[in-house]
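# Secondary and tertiary structure notes
Okay, here's what each chain looks like letter by letter:
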Amino acid sequence: MRKASSNWLGKSVMVVMFSILILSFGIWGIADVFKGSSRSDVATVGDASISADQFRNNYTDRLQQLGRQFGRPLTSEQARAFGLDRQVLQQNIAELALDQQTKKMGLGLSDADVVRAISNDPNFKGLDGKFDRARFDALIRNFGYNEQRYVAEQRRVSLRRQVTGAIATGLEPTKTQIEALVRFQNEQRSVQYLTLAAAQAGKIDPPTPEALAAYFDERKTLFRAPEYRKVAILTVTPDDIAKSITVSDDDAKKQYELNRERYNTPEKRQVLQITFPNADDAKAARAKIDGGTSFEDLAKERGFKPSDIDLGVVTKADMDPMAAAAAFALPLNGVSQPVTSALSTSIVKVTKIEPAITPAYDSLAAKIKTEIAQTRARDQLRDLHNKIEDERGGGSNIAEAAQKVGLKAVTIDAVDRSGRGPDGQPVKGLPSGTDLVSQAFASNIGVENDPIQNNGGEIWFDVLGITPSRDRPLDEVKAQVEQRWTDDEISKRLRAKATEIVDKLNKGGRLDAEATSAGVKLQTAGPFKRDADVKGVPDRLVNAAFRTPKDGIGQTEGASATEQIVFKVTDIIVPPVDLSSEDVKKLKENLIRAMTEEQVQQYVAKVESDLGTRINQNAFAIATGATANQ
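Residues numbered from 1 in each chain as written. Predicted model: local features only at pLDDT ≥ 70, side-chain atom pairs only at ≥ 80, totals over all residues. Heavy atoms only, no water.

## What about the overall build of the protein?
A count of helical and extended segments in the protein gives 25 helices and 15 strands. Radius of gyration (C-alpha) of the protein: 35 Å, far over the 25 Å computed for a compact globule of 630 residues. With the C-alpha coordinates aligned to their principal axes, the bounding extent of the protein is approximately 105 × 90 × 65 Å. In the protein, which comprises 630 residues, the share counted as buried stands at 36%. By sequence separation, contacts in the protein at least 24 residues apart represent 70% of the contacts at least 6 residues apart. For the protein, the computed accessible surface area is about 37400 Å², with 51% contributed by carbon and sulfur atoms. (Helix = DSSP H or I, 4+ residues; strand = E, 2+ residues; numbered from the N terminus. Rg over C-alpha atoms; globule rule 2.2 N^0.38 Å. Buried < 20%, exposed > 50% of the residue type's maximum accessible area, 1.4 Å probe, protein only. Contact = heavy atoms within 4.5 Å. Areas by Shrake-Rupley, 256 points an atom, 1.4 Å probe, with all protein chains shown as cover.)

## A word on unusual backbone geometry
That bond from Gly526 to Pro527 is cis: its omega, 0°, falls within 30 degrees of zero. Along the chain, Pro527 turns up in strand E12 (residues 523-529). Despite not being glycine, Asn333 shows a phi value in the positive range, around 65°. In this fold, Asn333 is placed in the loop between helix H17 (321-327) and strand E7 (339-340).

## Remarks on the pairing of strand E3 (residues 188-196)
Counting buried residues in E3 gives seven out of nine residues, a clear majority hidden from the surface. Of the strand pairs in this sheet, E3 and E12 are connected by five bridges, and their pairing is antiparallel. Bridge pairing in E12 links Tyr193 to Gln523. Across nine bridges, the pairing between E3 and strand E14 (residues 564-573) is antiparallel. Bridging across to E14, Ser190 finds its partner in Asp571. (Pairing = 2+ DSSP bridges.)

## A closer look at the packing of helix H10 (residues 209-218) against helix H21 (residues 478-506)
Their axes nearest at 10 Å, the elements H10 and H21 cross at an angle of 95°. Here H10 lies roughly perpendicular to H21, going by the angle between them. Of H21, the residues touching H10 (which contributes Leu212, Tyr215 and Phe216) are Lys478, Val481, Glu482, Arg484, Trp485 and Asp488. Residues that form the contact of H10 with H21 fall into these classes: five nonpolar, no polar and four charged. (Axes fitted to C-alpha atoms, helices over the stretch in contact; angles between N-to-C directions. Parallel < 35°, antiparallel > 145°, perpendicular 65-115°, else oblique. Nonpolar A, V, L, I, M, F, W, Y, C, P; charged D, E, K, R; others polar.)

## Here's the deal with helix H14 (residues 279-290)
Taking 1.5 Å per residue as the helical rise, H14 with its twelve residues ought to reach 16 Å, and the 16 Å between its terminal C-alpha atoms agrees with that figure. Residues of H14 that are buried include every one of Ala282, Ala285, Arg286 and Ile289, and no others. All buried residues of H14 lie within an arc of 100° about the axis, which places them on one face of the element. Away from the buried face of H14 by more than 90 degrees, exposed residues Asp280, Lys283 and Asp290 are located. Looking at the buried positions of H14, the neighbouring elements they touch are strand E5 (268-276), helix H15 (295-301) and strand E8 (345-354). Its side-chain oxygen 3.2 Å from the backbone nitrogen of Asp280, Asn278 forms the N-cap of H14. (Expected span 1.5 Å × (residues − 1). Arc of directions from axis to C-beta. Polar contact = N/O pair within 3.5 Å; in protein donor to acceptor, adjacent residues only side chain to side chain.)

## Focus on the packing of helix H12 (residues 249-258) against helix H18 (residues 361-393)
Closest axis-to-axis distance for the H12/H18 pair is 9 Å, and the angle between their directions is 100°. In terms of orientation, H12 lies roughly perpendicular with respect to H18. From H12, Asp249, Asp251, Ala252, Lys253, Gln255 and Tyr256 reach across to H18, where they touch Tyr361, Leu364, Ile368, Lys369, Glu371, Ile372 and Arg376.

## With respect to the environment of Gln100
With respect to the helices and strands, Gln100 occurs in helix H5 (residues 84-104). Separated by 511 residues in the primary sequence, Gln100 and Leu611 have C-alpha atoms spaced 8.9 Å apart. Dropping the residues within four chain positions of it, Gln100 is found in contact with Val45, Gly46, Asp47, Ala48 and Leu611. In terms of polar contacts, Gln100 uses its side chain to reach the backbone carbonyl oxygen of Val45, at 2.6 Å.

## With respect to the packing of aromatic side chains
Counting across every chain of the model gives seven aromatic pairs. When the ring of Phe55 is compared with that of Tyr59, the centres are 5.8 Å apart and the planes differ by 5°; the resulting orientation is stacked. One end of the pair is Phe55 and the other is Tyr59, both in helix H3 (residues 52-70) and four residues apart, which spans about a single turn. Exposure remark for Tyr59: the relative accessible area of 2% places this residue in the buried category. Taken together, Phe55, Tyr59 and Phe620 form an aromatic cluster joined through their ring pairs. (Phe/Tyr/Trp six-rings, centres within 6.5 Å; stacked < 30°, edge-to-face > 60°.)

## Section: the confidence of the model for the protein
Do not read the fine detail of predicted coordinates wherever pLDDT is low. Residues at a pLDDT of 70 or more form 90% of the protein, whose mean pLDDT is 82. Predicted confidence is poor over residues 1-18, with pLDDT under 50, and the contacts of this stretch with residues over four places away or in other chains come to 14 contacts. (pLDDT = per-residue confidence, 0-100.)

## Structural notes on the nonpolar core
With 25 residues, the main nonpolar core has Leu234, Val236, Ile241 and Ile368 as its most contacted residues. Where this core is concerned, the elements lending two or more residues are strand E4 (228-236), helix H11 (238-242), H12, H18 and helix H19 (398-404). It is H18 that contributes the most residues to this core, ten residues altogether. With residues near it in sequence (within four places) discarded, Leu234 still touches Ile388, Ile398, Ala402, Leu407, Lys408, Ala409, Glu458, Ile459 and Trp460. (Core = buried A, V, L, I, M, F, W, Y, C linked by side-chain atoms within 4.5 Å.)

## Some points on the layout of surface pockets
Any empty space left between the atoms is revealed when a probe the size of a water molecule rolls over them. Estimated volume of the largest pocket: approximately 1500 Å³. Together, 43 residues line the largest pocket, and Gln91, Glu95, Glu153, Val157 and Arg160 are the ones closest to its centre. If one sorts the elements of the lining of the largest pocket by residue count, helix H8 (residues 147-168) sits on top with eleven residues. Class assignment of the residues belonging to the lining of the largest pocket gives a composition of 17 nonpolar, 14 polar and twelve charged. (1 Å grid on protein atoms, 1.4 Å probe; cavity = no way out; pocket = protein on both sides within 12 Å on 5 of 7 lines; lining within 4 Å. Points joined across faces, edges and corners; volume = space filled by probe spheres on them.)

## Describing the sheet that holds strand E9 (residues 410-415)
With antiparallel pairing, four strands are arranged side by side in an open sheet as E9-E4-E11-E10. Whereas interior strands pair on both sides, the edge strands pair on one side only; in this sheet they are E9 and strand E10 (452-454). Adjacent strand axes in the sheet meet at a mean angle of 30° when their direction is disregarded. For E4 and strand E11 (residues 457-467), the ladder comprises nine bridges, and the chain directions are antiparallel. By the bridge assignment for E11, Leu234 is matched with Trp460. The sheet strands contacting H18 are E4 and E11, and the helix crosses E11 at an angle near 30°.

## Observations regarding the sheet that holds E5
Taking strand neighbours across the sheet as the criterion, the four strands line up as E6-E5-E8-E7 in an open arrangement whose pairing is antiparallel. Whereas interior strands pair on both sides, the edge strands pair on one side only; in this sheet they are strand E6 (310-314) and E7. As defined by bridge partners, E7 adjoins E8 across two bridges and the pair is classed as antiparallel. Bridge pairing links Val339 to Ser346 in E8. Along the sheet face, H14 touches E5 and E8 and points at about 50° away from the line of E8.

Written out as structure tokens, the structure is:
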């Protein structure tokens with residue numbers, strides 16, 4: 001349609017077509033195309049259901065969140081390969097089942113409780129330690145929420161936690177469980193081993209032409225030329241635009257004056273604080289200070305160590321508001337009257353004062369100019385986005401659109417799915433921080449792709465050409481085939497030689513003698529744990545050692561298929577279990593967390609079963625972009 005409407009005749013035709021389409025909707029309506037129906041529900045739990053639109057939104061939100069965490073977007077194919085689609089579906093079903101259970105149990109939560117929970121969330125607090133509305137809006141928007149949707153979701157989450165929290169109360173791993181896991185994690189093994197490499201395989205004669213051709217015919221798919229795509233890319237970021245923006249000193253000074261408080265370093269004070277169970281005790285303590293008892297001696301009398309009363313060097317925002325008001329009104333070494341706050345009554349003393357610092361404009365000029373330039377760059381980026389989209393809507397490809405707005409697109413002549421060119425090397429010019437290649441391979445020639453969000457900017461791309469994957473003839477890849485054939489022959493010989501050595505050792509032979517006979521060095525490693533990354537020791541040897549008893553003999557592949565290792569487990573150390581150690585305490589916490597998750601999963605599964613759960617596989621496949629039979 002875009003190409004057809006690029007001239008006056010095409011535009012006229014399109015106007016007529018859309019007029020007829022709109023008129024037909026007006027006469028016959030839009031039926032279930034937009035209204036939806038139960039047949040389009042992805043899942044049903046009891047009397048409630050998850051619509052295709054609702055699931056698709058949740059699934060897309062999760063994809064975008066993971067994309068931001070990984071620094072590159074995930075394609076639908078990658079997500080399905082990881083099982084993300086079914087994870088999101090199961091999570092949605094579990095949440096819906098719990099929502100119905102909380103309703104059945106009559107649980108509720110006041111608006112004030114929801115607001116309090118959100119206001120106290122440390123993720124939404126600013127530098128002053130208070131709830132920051134702008135930060136809240138930015139964070140929830142970044143995760144695809146508006147305020148109404150986020151508040152509603154937090155209400156549901158809090159109610160679910162009331163149920164799951166009660167289920168998990170009292171769970172405790174047994175002593176036997178803890179001891180078994182500690183021994184499993186901390187067991188150590190030592191080995192002696194020898195490594196057989198290509199030199200021990202002997203001379204490998206080149207394959208005959210017939211043998212090489214037969215080998216190649218059996219493995220043609222390993223040597224296929226991959227599919228390549230020609231791609232035009234336009235990357236625009238605020239940082240790129242900001243470099244070309246000049247900010248005057250007058251503008252920077254205005255910004256400095258308007259935001260002087262933001263650039264200030266607030267006053268800090270070293271504060272000591274003694275807390276009391278009630279106001280009467282605090283008044284009596286203050287009377288003692290008035291009578292000559294020092295603040296520090298009073299703390300000792302009440303059983304406090306110096307570290308117990310020292311709040312450190314803090315700002316006003318770091319303290320309780322009532323205590324802060326008292327502390328920051330005192331002179332150096334001053335002691336306050338009793339202060340009653342929300343949770344306690346206390347007396348505070350100030351032992352050090354660091355005045356607030358207002359930096360001079362000159363020291364901040366460069367920083368302020370950069371901030372202003374980036375703000376203006378974001379505004380320009382919005383304008384550029386609109387202009388580029390207008391050009392694309394008018395029939396221009398991304399290279400043409402870039403040229404019309406004064407930018408230049410980069411053209412990658414050939415790139416495969418792994419980001420490499422025909423020479424096998426990584427392609428230069430691909431934007432970092434995003435998996436543009438996967439999206440290019442999910443698109444096609446002539447498709448108008450949505451821009452990719454990247455580092456606050458956008459990346460546009462067009463697929464200009466496709467070179468299909470093909471079988472390469474033997475002559476084209478002869479060197480690669482010969483090398484693989486040789487490696488396979490080396491691997492076969494080394495496996496046979498390693499097996500022969502193991503047989504000799506099991507019959508009473510010595511590992512050091514076999515190492516000397518093979519012309520290799522006898523090595524030792526350990527003691528190491530089963531999850532250890534031992535320098536110079538292949539992971540396969542570490543894993544094999546923990547499958548072998550003490551004094552047992554074994555063999556395993558080395559760092560590559562052209563290495564074989566023969567080893568003997570020389571020692572096994574099972575350390576004693578110290579149930580009071582920090583490591584064991586952390587292990588216990590992890591065990592409790594795992595037991596809690598298992599208990600909650602079993603409970604949710606029972607709720608789902610009691611309510612009755614049905615999944616519409618066809619609607620699920622359509623919502624995730626898969627075919628119906630997937």
